[in-house]
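Secondary and tertiary structure notes
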Amino acid sequence: MTPAQRAAELRRQLEEHNYRYYVLDAPVISDAEYDRLFDELKRLEERHPELRTPDSPTQRVGGAPRAEFKPVRHRVPMLSLRKCNDEGELRDFDRRVRETLGRQTIDYTAEPKFDGLAVALIYEHGVLTTGATRGDGETGEDVTENLKTIRAIPLRLRGEAPPLVEIRGEVYLPLAGFRRWQEEAEARGEKPPVNPRNAAAGSLRQLDPAITARRPLAFSAYEVGESRGWQAPARHSQALEQIRRWGLPVSPLIELVRGVEACLDYFARMQRRRAQLPFDIDGVVFKLDEFAARAELGAVSREPRWAVAYKFPAEEAETVVENVEFQVSRTGALNPVARLKPVFVGGATVSNATLHNLDEIARKDVRIGDHVIVRRAGDVIPELVRVLAEKRPRHARAVQVPRQCPVCGARVEREEGEVNARCTNGLSCPAQLLGALAHFVSRRAMDIDGLGEKLLTQLIERGWVKSAADLYALTAERLAGLERMGEKSAAKLVAALEASKQTTLERFLYALGIPEVGEATARDLARHFGDLDSLIAAARADAATAHAEREKDRCPRLREVPEVGPVVAARIAHFFTEPRNLEVIARLREAGVRWPQAAPRAASGALAGKSFVITGTLPGVSRDEASALIEAHGGKVTGSVSSKTDYLLAGEAPGSKLAKAEQLNVPVIGWDELQKMLDRGSE
Ligand code: IVH
């Protein structure tokens, strides 16, 4: 092979890999292999400069720095988009289009509105010759050398290309690159970029292309501009297909939709997906699909009548903190909430924002009367982002932590290391009681249908329900007397209460609302102890050690449960020493709440009747997975080694259980031996 042939072959391969990477999103070689091919071509061109072509991938490193950008005139002006802000305005747009064209329904392409900057790429006989910014729409700047450094932009079109075609699209900076840049700038003490759009624009308008080359810019094509010797297809969606075949990236998020309802559906879907996308979009664009219809509609003052940008509502807005109040949660925590001057943000009016906890108030230095930025993105709870300290009025005052519970008036305390203050009144505080009951009846706990907060509030106010146990004493006659409660729904509720009595230990433990015990911990506790009385016994025995000087001496029994640390263990121990809690549990059991004994273990199987303890890290499996495997074959897994243990399954870095097993002569096996036992059992 001659050097010329090899250079051509390398160029072809590099282009192919670029295309697979950026357009098909399906690379077949590693970055290192790509670099190897690239280096070979570079060396070849250095030895034979005559082989260097303008469309060679080596030319992406960019030419020499320039003193200024040359102006480029756009023969077809680069228009901007008219905007609409809500559903009504989009419907108006669609109606005008339908009326002008005299049609029932319109086909639109629905596209993401990329938040970068528009550029025009001119390909002559398939080779990229000029790249320009939009500028004022008539004249832009020649940034060819900079655009060539963007690997997503092909230097040569694939397949057959016309004498001239101009592809328009957006240059943008993906979020990962933006964040990396921000971090690096901060580390170097430089000014970090404010947002991905500014960052992209700044990178592209660098006079030194070597700087642009270091920024991980991306490109997505969305229009054809000028063309010569090319028979454009009838529809924009077909043109996009052609652009893709030429080897330019076209977003897979672009869809062809029919009618305004489908447009609204697309908008809603994109709004939901937005947070997961690897780049910023600030709305969606709808464009008429048929070119003939576009021509019929024309443009007014730099904006075509055939397209519209539907922007996502701004997610941040400025408002004023009118007050800070405290809401009492089911565990008694006083959660601060900012009461705001109502403001329209993220598509809704917001008048409250969470402040999370007292530490957060201190960190953000929020004071009543402050001007603040609030954020509401999608369906998440509105949040106070930051205080505009420069606008702080003289009368602004600090947030006072209440000394009394705002609901029941009981004393409030804040323990060391806690981020929030707490009401000390337990379930005698109506707010805590309501929270506890709502949790108790919730779907993943006791799953009692028909007991919403309004009804629970009525039950609390009448004094009928003072704890979860009182729920089971409710009768249909009594319930039927309540507001908005018919006989039918009363009977239904009583039936739901009755049905809920059959539950599982893990659900019951979760329903109790033990602080720090979520579903996962409830499951671990149920698995480890098997029955409630063993758990209570361990918790009560541990309570005495909950404040032991050395952390490792605290709650040894509860901490045998995987994932239970000293803090959670102390909470559990405390919960089961409170007489009131034990009384409620006893009354619930009296009322008939029960759970079948710990899942009946398989009596057959390779490990039937054998008891295992697990310690250390097993190769490639979690402890839960290993437990499940053992249990599936009839074995039992417990937390501590005793004379009743049949095997200790030990992985990397075993703990003190190994010494215990050796002391008690319990056989120690590894993961491989367990596999062998299972294999033997299935023979
Ligand atoms: S089409 C008339 N499509 O929005 C056609 N533009 O306000 C105008 N943009 O300068 C361009 N995503 O920077 C089009 N899918 C998309 C777009 C898009 C973002 C930007 C582009 C343009 C501005 C127009």
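Here goes a summary of the coordinates provided. What you see is a predicted model; the values in this text were computed from it and never measured.

1. What about the side chain of arginine 168?
Structurally, arginine 168 can be placed in strand β7 (residues 164–172). A relative accessible area of 9% places arginine 168 in the buried class. From its side chain, arginine 168 meets the backbone oxygen of valine 76 in a polar contact 2.4 Å long. What arginine 168 contacts, discounting residues up to four positions off in sequence, is His74, Val76, Pro77, Met78, Val119, Ala120, Phe219, Ala221, Tyr222, Glu223 and Gly225.

2. Description of the nonpolar core
By size, the foremost hydrophobic cluster in this structure holds 59 residues, and its most contacted members are Phe440, Ile448, Leu471, Leu509 and Phe576. Residues Leu264, Leu297, Trp306 and Tyr310 belong to the second largest nonpolar core, which totals 36 residues.

3. Section: empty space enclosed by the protein
Over the atoms a probe the size of a water molecule is rolled, and this reveals where empty space is left. All told, the structure shown has 4 cavities of 30 Å³ or more when counted by the stated rule. Forming the walls of the largest cavity are 14 residues, and the residues nearest its centre are His528, Pro562, Ser627, Val637 and Thr638. Broken down by secondary-structure element, the contributors of at least two residues to the lining of the largest cavity are α18 (519–529), α22 (623–632) and β24 (636–638). When residues of the lining of the largest cavity are assigned to their parent elements, the largest contribution, 4 residues, is made by α22. A per-class count over the lining of the largest cavity returns 3 nonpolar, 4 polar and 7 charged. The calculated volume of the second largest cavity comes to roughly 50 Å³. Elements that contribute at least two residues to the lining of the second largest cavity include exactly β1 (71–73), β4 (117–124) and β5 (127–133). Counting residues per element, the lining of the second largest cavity draws most heavily on β5, at 3 residues. Taken together, the residues of the lining of the second largest cavity break down into 4 nonpolar, 3 polar and 4 charged.

4. Considering the pattern of salt bridges
Taken as a whole and judged by the stated rule, the model has 51 salt bridges. The shortest N-O distance in the salt bridge between glutamate 138 and arginine 73 comes to 3.8 Å. Of this pair, glutamate 138 sits in the loop between β5 and β6 (139–141) while arginine 73 sits in strand β1, and the two are 65 residues apart along the sequence. On the accessibility criterion, glutamate 138 (25% relative accessible area) is partly exposed. Residues arginine 411 and glutamate 413 are paired through a salt bridge, measuring 3.3 Å at the closest nitrogen-oxygen approach. Among the charged side chains, a network of salt bridges with common partners joins Arg103, Asp107, Arg235, Arg258, Asp289 and Glu290.

5. With respect to the sheet that holds β7
Spatially, 4 strands are ordered β5-β4-β7-β8 in an open sheet, and the strand pairing comes out antiparallel. Of all the strands in the sheet, just β5 and β8 (218–228) have a single pairing partner and so form its edges. Neighbouring strand axes in the sheet, compared pairwise and without regard to direction, differ in orientation by 25° on average. Pairing geometry for β4 and β7, over 8 bridges, is antiparallel. Bridge pairing in β7 links alanine 118 to glutamate 170. Set on the sheet, helix α6 (residues 196–204) makes contact with β4 and β7; between it and β4 the angle comes to about 40°.

Reading the values: the criteria
- Residue positions are given per chain, counting from 1 as you read along its sequence in written order.
- Restriction of local features to residues with pLDDT of at least 70 applies here, the model being predicted, together with a cutoff of 80 or more for giving and counting side-chain atom pairs; totals for whole chains, interfaces and linings are based on all residues.
- Values reported for side chains reflect all heavy atoms of the structure, with hydrogen atoms and water molecules removed beforehand.
- For the purposes of this entry, the term helix denotes a DSSP run of H or I that reaches at least four residues, the term strand denotes a run of E that reaches at least two, and both are numbered from the N terminus.
- Three labels apply to residues, based on accessible area from a 1.4 Å probe with only protein chains included: buried if under 20% of the type maximum, exposed if over 50%, partly exposed otherwise in between.
- For this analysis, a polar contact is any N or O atom pair within 3.5 Å, provided that within protein one partner can donate a hydrogen and the other can accept it, and provided that sequence-adjacent residues contribute only side-chain to side-chain pairs.
- Residues are treated as being in contact if the distance between any of their heavy atoms lies within 4.5 Å.
- Joining through side-chain atoms within 4.5 Å is the link that ties buried Ala, Val, Leu, Ile, Met, Phe, Trp, Tyr and Cys residues into a set, and such a set is a nonpolar core.
- Computed over the protein atoms alone on a 1 Å grid, cavities are sets of points where a 1.4 Å probe fits but cannot get out and pockets are open sets with protein on both sides within 12 Å along at least five of seven lines; a residue lines them when it has an atom within 4 Å of a point.
- Grid points are joined across faces, edges and corners, and a volume is the space filled by probe spheres set on the points.
- Classification used: nonpolar for Ala, Val, Leu, Ile, Met, Phe, Trp, Tyr, Cys and Pro, charged for Asp, Glu, Lys and Arg, polar for all others including Gly.
- One speaks of a salt bridge when a side-chain nitrogen belonging to Lys or Arg is within 4 Å of a carboxyl oxygen belonging to Asp or Glu.
- DSSP calls a pair of strands paired once it identifies at least 2 bridges connecting them.
- Fitted lines through C-alpha atoms give the axes, limited to the stretch in contact for helices. The angle between two N-to-C directions lies from 0 to 180 degrees.

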